[in-house]
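One-letter residues, chain by chain:
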Amino acid sequence: MSQTKAIPHNLIRWDQSEDSLAPLTECQKDCLTNLEVAVSSFFPLSNLQPGAVEDGKKFDENVSQETIAPIERYQELLQHFLLLERKYMSMYDLKYSLYLDELKSRRSECQDVCSQIEETLDDFSALYKQYTEVSSKTTSLYEASEQLICDQKQLNATIDGITEYVRYFKEIDVITEKLEASTLSVNSEMFFTILDKIDVNIDFMQNNSSFNESRTYLVRYKHCQSKAIALIQNYISNLFFKTTESILNLRDSENSSENADAALALFYGRFQTILSKTKPVIRQIENKSYKRQEYDSLLLECHQYYWSQRGLVLGTSIQKSLNSIREKYNGDHCSLVRHSCALLLHASIDEHKLFYEFFSKQSNGLTAYLESLCTSLYDALRPFIIHINHLETLAEICCILRIEMLDEHVQNNFEPLEGFGNICLQLLHDVQERLVFRAHLYLQSDVLSYNPSSGDLAYPEKLRMMEDIAESIREANRQTRMKKISVSSTDSSALEPVSRNHIVIDSIYQKTHMGSSPADLHAMWYPTVRRTLVCLSRLYRCVDRSVFQSLSQEAISLCVQSIENARQEIEKRASVLDAELFQIKHLLILREQIAPFQVDFTIKEFSLDFSKVKTAAFGLLEKSSRFFTLSNNALLQFLLEGAPQMKEQLIDSRKHVDAKLRLTCQRLIQHATYLLIYPIIKLLEKEKLLDASSNQENALGSAQEIATTVADVLRIIKFKCPEIQQSMQLYLANKETEFILFKPVKNNICAAFTQLHQILSKYYNDENLQLIACPLPEQISVMLSSTTLMQGKSNRESQAVLKQSQSLAKQED
């Protein structure tokens with residue numbers, strides 16, 4: 001019993017703060033504290049619903065109101081703990097209990113709603129069945145109505161189609177009646193509407209040939225179309241005819257030239273007055289001509305009738321105008337061609353313009369009409385052209401036709417002037433043919449067969465005379481310049497411009513005249529050279545390139561031959577040096593003048609080579625026994641091997657001139673060398689005749705004779721060399737050319753003296769060599785280089801200076 005009483009007391013002392021029976025460690029206290037925090041955080045009073053909180057408060061109040069008996073036993077502790085546990089567990093599950101009660105009430109409400117929905121669905125099913133029955137009946141009624149409407153539209157369309165088709169058949173009577181009406185005008189909108197209806201109905205009948213009587217109505221519409229075309233044709237032709245008749249009557253009533261010119265101007269105005277009447281009709285024809293052959297043929301007939309009427313109007317007038325031009329420019333062929341071509345040129349342009357004022361569709365026959373109109377030009381000019389003999393006139397006519405007419409006018413305005421260009425081209429071919437023929441005769445008669453006069457061959461007299469004249473002119477210019485300078489010296493203000501002016505004039509004069517030869521003047525050329533170059537310059541612009549190549553080759557060959565003939569004549573009357581220089585100068589002129597021609601002077605010539613024929617003939621005679629054998633027949637072999645062959649040969653005129661020039665230069669070099677060292681050449685030829693083993697003294701002559709020969713040669717070189725150079729300058733007047741020609745002469749002289757020195761060393765001793773005193777080649781070269789032409793010029797210049805000083809002295813006195 002005592003133990004039972006001790007238990008509560010022990011429990012009280014269980015957790016005393018002081019002297020407790022079972023004191024807790026610090027770790028255990030921390031665990032309890034953590035457990036308390038965890039329980040308070042896990043069961044917060046704020047998370048409880050307001051009702052639960054209130055119930056809890058009430059429960060706490062009830063519990064607090066109850067008297068808590070002291071716990072003395074372990075069983076009481078457990079019961080108290082169980083009570084507390086239930087209290088706290090009921091507080092935790094309170095919100096779930098309340099939510100469960102809410103869910104149960106909501107479930108009962110949903111069950112009520114579902115029952116109501118099932119009842120509503122049953123009502124809707126009944127309504128849908130009723131709607132389906134009504135809808136099926138309404139749809140069948142609607143489909144029946146739609147079918148009836150569709151059938152009605154088809155019937156209406158069929159009625160409209162039948163009515164439209166019938167319209168094409170019914171319109172034939174109306175169209176026929178309108179076409180037969182006397183008041184119908186071709187140039188009216190009603191007539192154009194009829195034409196359109198006829199075309200549409202014809203297309204309908206052709207596209208629906210399966211219709212009943214469509215072929216019959218097609219024929220009737222074709223008949224209406226032919227009648228309408230006939231009305232148009234008569235309308236257009238009557239207008240053109242009446243206009244042409246009024247113009248012709250006007251022309252016949254006026255006879256003077258002035259009135260004729262006025263009538264020619266009215267030829268176009270009268271036709272333009274009917275333009276407003278014909279243009280709409282012609283436009284309709286042109287628009288329909290692209291689709292229908294009938295209207296295309298009608299348009300072509302209108303073209304032909306228009307051209308025939310215009311031909312009647314202009315044919316005679318153009319012929320009269322050409323006759324008046326021929327009478328006005330009788331003898332002046334160039335003006336005749338120019339004005340005649342100008343007349344037809346303007347007429348072609350005016351006709352082209354007038355045609356396209358009436359018609360807008362292009363026609364190939366317009367060119368043929370304009371060409372036939374220009375045929376009178378060809379008929380008028382050709383009789384004059386085939387009788388012209390003068391090359392200048394023919395060349396000028398070629399330039400007029402080619403440059404002025406074809407290049408300047410026809411090329412820039414080709415369409416209206418195509419026919420005119422064809423006629424001009426025919427005339428140009430005739431003129432070129434005549435020009436080539438006359439040029440060939442001219443080259444034969446005036447170049448190859450030229451008979452030179454004494455003045456043509458007066459070389460070098462005419463060149464020296466021209467040089468003297470040029471020198472006198474220069475002298476007069478110097479004196480005039482000196483006079484002006486002396487007069488203007490008193491006026492200082494005028495001194496500067498006068499002196500500058502004369503300085504400029506003098507420099508230009510020196511540039512243009514210094515180093516020029518009289519032979520360079522065009523008038524001083526040999527006539528055949530001048531004629532050849534003038535002829536080629538004319539032909540170059542007038543004939544085709546291939547024709548010019550052939551003619552140029554012939555002309556240059558004949559010119560070179562005429563220069564060769566002139567050289568032979570000059571050689572007879574003057575000297576070989578003048579003849580060679582004459583030929584060189586004119587060949588240089590010829591080569592220089594033909595260089596600008598942009599043409600190949602090479603032509604092909606074909607010839608037959610009969611060299612094998614002779615060999616084959618001799619072989620045939622040797623094989624006479626095999627004339628009739630089957631194998632290796634001699635006749636057959638002769639035919640195969642003895643046939644002549646065609647050879648092609650290229651002839652270059654420029655190369656021919658160069659070869660001739662090269663040959664002439666070689667002759668000049670040989671002749672100049674011969675003039676300067678002729679005795680030495682004879683001496684060298686004499687040495688060649690001696691026996692090769694002969695080494696005797698005086699084999700070539702005595703030393704004195706050799707010395708005399710050498711001295712004579714040196715004297716000849718001293719006096720003849722300036723004369724040769726002066727002749728070169730007189731003819732050539734070109735330092736480079738003179739140097740090229742004189743250098744081989746100098747080399748030949750040096751080579752001759754070198755050979756002579758070797759020969760003299762072979763035949764003569766030192767004493768005789770000193771007596772001969774033959775100069776070395778180097779000495780000869782220095783002597784030739786020091787020889788100039790300034791001796792004669794210095795004399796002339798000193799005389800001129802003396803004359804100027806004397807004239808100035810007189811002026812000062």
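In this text the structure is predicted, and so the values were computed from the model without any measurement.

Student: Please explain unusual backbone geometry as it appears in this structure.
Tutor: Looking along the chain, the bond that leaves Y459 and enters P460 is cis, with omega of 5°. Mapping P460 onto the fold places it in the loop between α13 (418-448) and α14 (461-488). Residue A733 is not a glycine yet carries a positive backbone phi of 55°. Positive phi is not limited to glycine here, since A773 has a value of about 55°. Looking at the secondary structure, you find A773 in the loop between α25 (766-772) and α26 (777-786).

Student: What is the right way to look at the state of the cysteines in this model?
Tutor: Cysteine pairs can be covalently joined through their sulfur atoms, and such a bond is termed a disulfide. Tallied over the full model, the rule gives zero disulfides. The structure places no disulfide on C114, whose sulfur is separated from the nearest cysteine sulfur, that of C110, by 6.4 Å.

Student: Just to check I follow, could you spell out helix α24 (residues 735-763) for this structure?
Tutor: Two residues of an α-helix separated by three or four positions point the same way, owing to the 3.6 residues in each turn. Taking 1.5 Å per residue as the helical rise, α24 with its 29 residues ought to reach 42 Å, and the 41 Å between its terminal C-alpha atoms agrees with that figure. Three or more residues of α24 are buried, namely E738, L741, F742, V745, I749, C750, A752, F753, L756, I759, L760 and Y763. Residue N734 occupies the N-cap position of α24, its side-chain oxygen lying 3.1 Å from the main-chain nitrogen of E736.

Student: It is not clear to me how the nonpolar core should be interpreted in this structure. Could you clarify?
Tutor: By size, the foremost hydrophobic cluster in this structure holds 164 residues, and its most contacted members are F420 and I677. For F420, the contacting residues outside a window of four places in its chain are C341, L344, L345, S348, C374, L377, M405 and V410.

Student: Looking at this model, I keep getting lost on the side chain of R292. Mind explaining?
Tutor: Of note, R292 is situated in the loop between α8 (275-289) and α9 (293-328). With a relative accessible area of 12%, R292 lands in the buried category. Engagement of the side chain of R292 in a polar contact is seen with the backbone oxygen of D199, the distance being 2.9 Å. Not counting chain neighbours up to four residues away, the residues in contact with R292 comprise D199, I202, D203 and Q225.

Student: Any chance you could explain the packing of α8 against α9 here in plain terms?
Tutor: Think of two packed helices as two axes; the pair is described by the angle between the axes and how far apart they sit. One way to put it is that α8 packs onto α9 with a least axis distance of 8 Å and a crossing angle of 135°. The angle between the axes of α8 and α9 places the two elements in the oblique class. For the pair α8 and α9, the sense of crossing is left-handed. Residues I285, E286, K288 and S289 of α8 pack against Y295, D296, L298, L299 and C302 of α9. Across the contact of α8 with α9, the residue classes break down as five nonpolar, one polar and three charged.

Student: So what exactly am I meant to see when it comes to the pattern of salt bridges here?
Tutor: Between side chains of opposite charge, a pair can form as their charged atoms come close. Applying the stated criterion across every chain, the model contains 29 salt bridges. For R220, the salt bridge identified is with D173, shortest N-O distance 3.1 Å. Taken as a pair, R220 in helix α6 (residues 214-253) and D173 in helix α4 (residues 74-179) lie far apart in primary sequence, 47 residues in all. The partly exposed category is assigned to R220, whose relative accessible area is 33%. Across the pair E392 and R538 runs a salt bridge, and its minimum N-O distance is 2.6 Å. You can see E392 sitting in helix α12 (residues 391-410) and its partner R538 sitting in helix α16 (residues 527-542), a full 146 residues away along the chain.

Student: Any chance you could explain the side chain of E738 here in plain terms?
Tutor: The topology assignment puts E738 in helix α24. Although buried, E738 forms no salt bridge, and the nearest oppositely charged side chain, K735, lies 4.5 Å from it. Here E738 is in contact with M728, Q729, L732 and A733, once residues within four sequence places are set aside.

Student: Is there a simple way to think about the packing of aromatic side chains in this case?
Tutor: For any two aromatic rings, the description comes down to two numbers: the centre-to-centre distance and the angle of the planes. Summed over all chains, the structure comprises 25 aromatic pairs. For the ring pair F240 and F358, a centre distance of 5.7 Å and an interplane angle of 75° mean the geometry is edge-to-face. Placement of the pair is F240 in helix α6 and F358 in helix α10 (residues 333-358), with a sequence separation of 118 residues. Each member of the pair, F240 as well as F358, carries the same accessibility label: buried. One aromatic cluster is present, built from ring pairs that chain together F240, F271, Y306, W307, F355, Y356, F358, F359 and Y369.

Cut-offs used in this document
Residues numbered from 1 in each chain as written. Predicted model: local features only at pLDDT ≥ 70, side-chain atom pairs only at ≥ 80, totals over all residues. Heavy atoms only, no water. Helix = DSSP H or I, 4+ residues; strand = E, 2+ residues; numbered from the N terminus. Disulfide = S-S within 2.5 Å. Expected span 1.5 Å × (residues − 1). Buried < 20%, exposed > 50% of the residue type's maximum accessible area, 1.4 Å probe, protein only. Polar contact = N/O pair within 3.5 Å; in protein donor to acceptor, adjacent residues only side chain to side chain. Core = buried A, V, L, I, M, F, W, Y, C linked by side-chain atoms within 4.5 Å. Contact = heavy atoms within 4.5 Å. Axes fitted to C-alpha atoms, helices over the stretch in contact; angles between N-to-C directions. Parallel < 35°, antiparallel > 145°, perpendicular 65-115°, else oblique. Left-handed = near helix turned anticlockwise from the far one by under 90°. Nonpolar A, V, L, I, M, F, W, Y, C, P; charged D, E, K, R; others polar. Salt bridge = Lys/Arg side-chain N within 4 Å of Asp/Glu carboxyl O. Lys, Arg positive; Asp, Glu negative; His and termini not counted. Phe/Tyr/Trp six-rings, centres within 6.5 Å; stacked < 30°, edge-to-face > 60°.

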